[in-house]
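If you want the building blocks of each chain, they are given just below.
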Amino acid sequence: MLYSCVVAQKPAKDSLLKIAIANKLDSPTVSAFLNLGNIYKNNQDSSNSADYFFKALNLSKKIDFKRGIVRSYTQLGYLFEVTQDLPKAKIYYNYAIQYAKKNGFKKELALAYSYMYFIYSAKSEFSNAIIYADSALTIFSQLNRKPDIANQLNNIGIMNWKLHKNLEAIKYLQKTLAVYDQIGATAEVNKLNTYLNIGLVFEDLKSHDKAVEYFTKVIPLAKKYNEIKTLGDAYNDLGNVYLNTKKYESALYYYRLSLPLALKSDQPLKKGIAYANIATTLVELKRYEEAEKFMKLSNKEYQSIDNKEGIATNLVNSAKLLTETKRLNEADITLKKAMDIANKNNFMVLKQNIFESMAEVNKLKGEFTEAYLKQDSAYQLQNKNFNFETNKQIANLEVKYKTAEKEKEILKNKTELLIAGSQIQKRNYWLIISCLGIFLLAVATILIVRNSKLKRQKLEEENTFKLNIAKEQAKNEVQEEKLRISRELHDNIGAQLSFINGSIQKMVAHDEQNEELQQTQKITQNTIKELRSTVWLINQQEFSLEEFVVKLREYLKPYYGGKPQINIVDDSDKDYILAPIIATNLFRIVQEAVNNSLKYAEAESIDVSLLAKENNLKVVINDDGKGYDANGIASGYGLKNMQARVMSVKGSYNVDTKKDEGTQITLIIPI
């Protein structure tokens with residue numbers, strides 16, 4: 001393959017060498033040097049390539065050919081990038097950016113920005129990468145260079161995905177497809193990378209079926225256009241889906257298909273990913289010796305380009321292997337190294353995985369308090385990384401995009417039919433041609449009116465979308481403040497309570513007869529439990545009813561197996577979403593009612609039943625205790641507090657009790 005490439009380029013190279021040998025001090029000679037540099041670069045002859053690029057730069061400076069200077073800087077930057085000397089590449093791209101700005105070369109400036117994007121992307125500095133891609137997008141949009149516009153939209157989309165801004169990622173990726181649609185059939189091959197990126201977003205959102213749909217869409221098209229790199233990416237991404245769904249043999253099958261294609265690319269990042277994925281799957285299959293071999297190969301590639309995300313991920317996988325082979329201290333040290341990298345680079349999903357792995361190590365070492373704290377930290381990050389509302393909005397965006405595609409196809413078919421009809425009429429009836437011309441004019445008028453209406457509708461939709469985005473931003477700001485408060489409670493007060501509880505445990509162990517110490521320990525443990533419930537309630541943007549019932553059972557779990565017997569039943573026809581204010585008040589009401597029964601009722605059983613139907617939630621709390629005379633006893637603070645909470649969510653409240661006949665509390669709350 002390389003030989004045929006060299007042969008094909010030989011006539012062009014000979015012609016360029018003639019120009020170069022003539023040694024004319026003019027711009028065509030600069031162009032010849034640059035083209036020769038590119039030919040040698042494509043043939044992986046970096047030495048000759050650099051030689052000609054520097055000749056182009058020096059001659060451009062000598063004859064004051066400004067455009068030649070900026071192009072030489074850019075080509076030198078790209079050469080150092082492909083030879084993995086990223087610091088030098090960054091220096092030359094910066095030279096190109098400054099020189100293009102100074103001399104008003106818009107196209108060259110946009111290209112330099114787009115190349116600089118790849119430097120920061122390779123270093124996992126995703127926010128900086130977006131800045132350069134967006135700068136390139138602005139200029140390419142001014143120049144109306146549609147393929148370049150699509151490339152930058154795609155780049156911004158994938159960087160937003162890397163930053164876990166999935167709604168933003170989908171928006172930019174669908175804009176990319178829309179630009180390719182404008183270009184036409186020639187851009188079909190360019191859509192492949194965008195399909196892969198959309199699949200990655202869906203996989204990140206745990207929508208595995210949607211991810212598989214987009215990844216498998218790529219494979220036949222990649223084969224059709226002989227896009228080897230893209231085919232390898234599709235195999236690799238399918239492997240990721242099967243790994244995440246614990247279908248390890250299928251994952252290994254696709255990873256092994258992608259490996260030879262990655263090795264052909266001669267890109268350290270791709271090779272590192274391919275090796276790492278196989279290693280991860282082999283660990284799951286408990287083939288540890290093979291796994292270690294592939295981990296070492298992967299780490300070598302990541303280290304060569306200082307890819308911090310890959311290095312940290314390999315450390316996590318290595319720790320998993322060490323954990324499974326009972327080398328717990330080594331696993332602990334390895335995870336701390338991974339966490340240090342994740343903290344410095346704000347790798348949120350990776351931090352969640354590290355906390356989960358740390359919890360497993362602590363559990364196996366018998367450090368249960370530490371295991372709980374690590375698992376709780378992972379749970380908090382999971383809630384932050386995965387947002388139900390974002391999923392819903394992304395689904396809506398995809399529906400809109402597919403609807404637009406169908407409408408475009410229908411319009412295309414209508415146009416083709418009209419053209420075919422006009423050709424038939426032209427062959428047979430001149431009079432009908434005139435009528436058809438009038439008809440087409442009328443159709444064009446209708447289409448113009450329709451397009452004008454569609455533009456107005458689109459403008460209204462954009463305004464509505466912007467308003468929704470503003471609402472979401474306000475909602476997110478409130479949620480961020482709630483998260484800050486919950487972190488303060490968890491990290492400060494929670495840690496202090498855990499320390500106090502541990503200290504009291506040690507004192508009780510030395511003085512088991514001390515009832516005051518035992519009572520203090522119980523109070524401390526109850527306080528920790530209350531704090532966890534409070535943190536959970538503060539931390540959520542919304543609650544599913546199923547999740548609420550699980551949390552309620554978890555809160556009442558210490559009472560299971562004793563007296564009274566506590567039963568919680570959810571008879572709802574489907575899962576419902578509870579607003580934070582409703583979930584918080586309802587949790588506290590049930591908590592108060594159950595505590596009252598435990599303290600005063602002397603009941604054998606307490607039943608809590610929930611029934612959600614037609615936007616109303618009915619909750620019945622019933623005990624078979626001694627009850628009381630509702631007319632003879634004034635309502636205490638607890639009952640008044642429950643009533644106030646029900647009123648705050650616009651619900652209704654009823655207490656039915658008689659002496660020696662138990663107590664039943666009924667709540668009706670709109671949801």
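All figures in this text were calculated on a predicted structure; none of them were measured in a lab. (Residues numbered from 1 in each chain as written. Predicted model: local features only at pLDDT ≥ 70, side-chain atom pairs only at ≥ 80, totals over all residues. Heavy atoms only, no water.)

## Regarding the overall build of the chain
Tallying secondary structure elements over the chain gives 25 helices and seven strands in all. Across the 671 residues of the chain, 43% fall into the buried class. In the chain, of all internal contacts separated by at least 6 residues, the share reaching a separation of at least 24 is 60%. (Helix = DSSP H or I, 4+ residues; strand = E, 2+ residues; numbered from the N terminus. Buried < 20%, exposed > 50% of the residue type's maximum accessible area, 1.4 Å probe, protein only. Contact = heavy atoms within 4.5 Å.)

## As for the packing of aromatic side chains
Inspection of every chain in the model, using the stated rule, returns 20 aromatic pairs. With 6.0 Å between their ring centres and 35° between their planes, Phe33 and Tyr52 make a pair best called tilted. Taken as a pair, Phe33 in helix α2 (residues 27–42) and Tyr52 in helix α3 (residues 46–62) lie far apart in primary sequence, 19 residues in all. Judged by its relative accessible area of 8%, Phe33 falls in the buried class. (Phe/Tyr/Trp six-rings, centres within 6.5 Å; stacked < 30°, edge-to-face > 60°.)

## Quick word on the pairing of strand β5 (residues 616–623)
Pairing geometry for strand β4 (residues 605–613) and β5, over eight bridges, is antiparallel. Note that in β5 the partner of Asp607 across the bridge is Asn622. What sits between the antiparallel neighbours β4 and β5 is a turn of two residues, in which Glu614 has the positive phi angle 50°. Where β5 and strand β7 (residues 663–670) come together, eight bridges link them in antiparallel fashion. Note that in β7 the partner of Asp623 across the bridge is Thr663. (Pairing = 2+ DSSP bridges.)

## Notes on the pattern of salt bridges
When charged atoms on two side chains of opposite charge get close, those side chains can pair. Taken as a whole and assessed by the stated rule, the structure comprises 26 salt bridges. Across the salt bridge formed by Asp306 and Lys308, the nearest N and O atoms sit 3.0 Å from each other. Lys320 is the partner of Glu324 in a salt bridge, and the nearest nitrogen-oxygen pair spans 3.6 Å. Of the two residues, Glu324 and Lys320 both sit in helix α16 (residues 308–324), four residues apart, roughly one turn of that helix. Through salt bridges with shared partners, one network takes in Glu284, Lys286, Lys320 and Glu324. (Salt bridge = Lys/Arg side-chain N within 4 Å of Asp/Glu carboxyl O.)

## Some points on the side chain of Thr74
Here Thr74 shows up in helix α4 (residues 66–82). Here Thr74 is in contact with Tyr93, Ala96, Ala112 and Tyr115, once residues within four sequence places are set aside.

## What to know about the confidence of the model for the chain
Note: predicted coordinates in regions of low pLDDT should not be interpreted at a detailed level. Confidence along the chain averages 81 in pLDDT terms, with 79% of residues attaining 70 or more. Across residues 1–9 the pLDDT falls below 50, and counting only partners more than four positions away or on other chains, this stretch makes six contacts in the model. Segment residues 386–394 is flagged for pLDDT under 50; beyond a separation of four residues in sequence, or across chains, it makes 18 contacts in the model. (pLDDT = per-residue confidence, 0-100.)

## Digging into the pairing of strand β6 (residues 652–657)
Pairing between β6 and β7: six bridges, direction antiparallel. Note on β7: the bridge partner recorded for Thr657 is Thr663. In sequence, β6 turns back onto β7 through a hairpin of five residues, with Asp660 there showing a positive phi of about 65°.

## Notes on the sheet that holds β4
With mixed pairing, five strands are arranged side by side in an open sheet as β2-β4-β5-β7-β6. What marks the edges here is a single partner per strand, and that holds for β2 (565–570) and β6. Between one strand axis and the next, the sheet turns through 10° on average, direction left out of account. In the sheet, β2 pairs with β4 via six bridges, with the strands oriented parallel. Each bridged residue has a counterpart across the sheet, and for Ile568 the counterpart in β4 is Val608. Helix α24 (residues 580–601) contacts β2, β4, β5 and β7 of the sheet and is inclined by roughly 10° relative to β5. (Axes fitted to C-alpha atoms, helices over the stretch in contact; angles between N-to-C directions.)

## With respect to the side chain of Gln75
Among the structural elements, Gln75 can be located in helix α4. Beyond its immediate sequence surroundings of up to four residues, Gln75 is in contact with Leu34, Asn38, Lys41 and Phe53.

## Structural notes on the packing of helix α11 (residues 208–224) against helix α12 (residues 228–244)
Where α11 meets α12, the axes come as close as 9 Å, and the angle between the chain directions of the two elements is 155°. Taken as axis vectors, α11 and α12 run roughly antiparallel relative to one another. Note that α11 runs across α12; the crossing there is left-handed. Between α11 and α12, the residues in contact are His208, Ala211, Val212, Phe215, Thr216, Val218, Ile219, Ala222 and Lys223 and Thr230, Leu231, Ala234, Tyr235, Asp237, Leu238, Val241 and Asn244, respectively. Considering only residue class, the contact of α11 with α12 consists of eleven nonpolar, four polar and two charged. (Parallel < 35°, antiparallel > 145°, perpendicular 65-115°, else oblique. Left-handed = near helix turned anticlockwise from the far one by under 90°. Nonpolar A, V, L, I, M, F, W, Y, C, P; charged D, E, K, R; others polar.)

## Focus on helix α13 (residues 248–265)
Taking 1.5 Å per residue, 18 residues should reach 26 Å; α13 reaches 26 Å between its end C-alpha atoms and fits that length. When the local axis directions of α13 are compared, the greatest deviation, roughly 25°, occurs at Leu259, which is followed within four positions by the proline Pro260. For α13, every residue scored as buried is listed here: Tyr248, Ala251, Leu252, Tyr254, Tyr255, Ser258, Leu259, Leu261 and Ala262. Buried residues belonging to α13 abut α12, α14 (268–284) and α15 (288–305). Looking one or two residues past α13, Asp266 carries a phi angle of roughly 60°, positive in sign. (Expected span 1.5 Å × (residues − 1). Bend = angle between axes of the 7 residues up to and from the residue.)

## Here we look at unusual backbone geometry
At Gln84, a residue that is not glycine, the phi angle is positive and equals roughly 70°. Mapped onto the elements of the fold, Gln84 is located in the loop between α4 and α5 (86–103). Residues other than glycine seldom take positive phi values, yet Lys286 does so here, at roughly 65°. Counting through the fold element by element, Lys286 comes out in the loop between α14 and α15. Residue Lys286 is classed as exposed on the basis of its relative accessible area, which comes to 53%.

## Points about helix α9 (residues 166–183)
For α9, built from 18 residues, the straight-helix expectation of 26 Å at 1.5 Å per residue is met to within 8% by its first-to-last C-alpha distance of 26 Å. Along α9, the positions that sit buried rather than exposed are Asn166, Leu167, Ala169, Ile170, Lys171, Tyr172, Leu173, Gln174, Thr176, Leu177, Val179 and Tyr180. Positive backbone phi, at 110°, marks Gly184, one or two positions downstream of α9.

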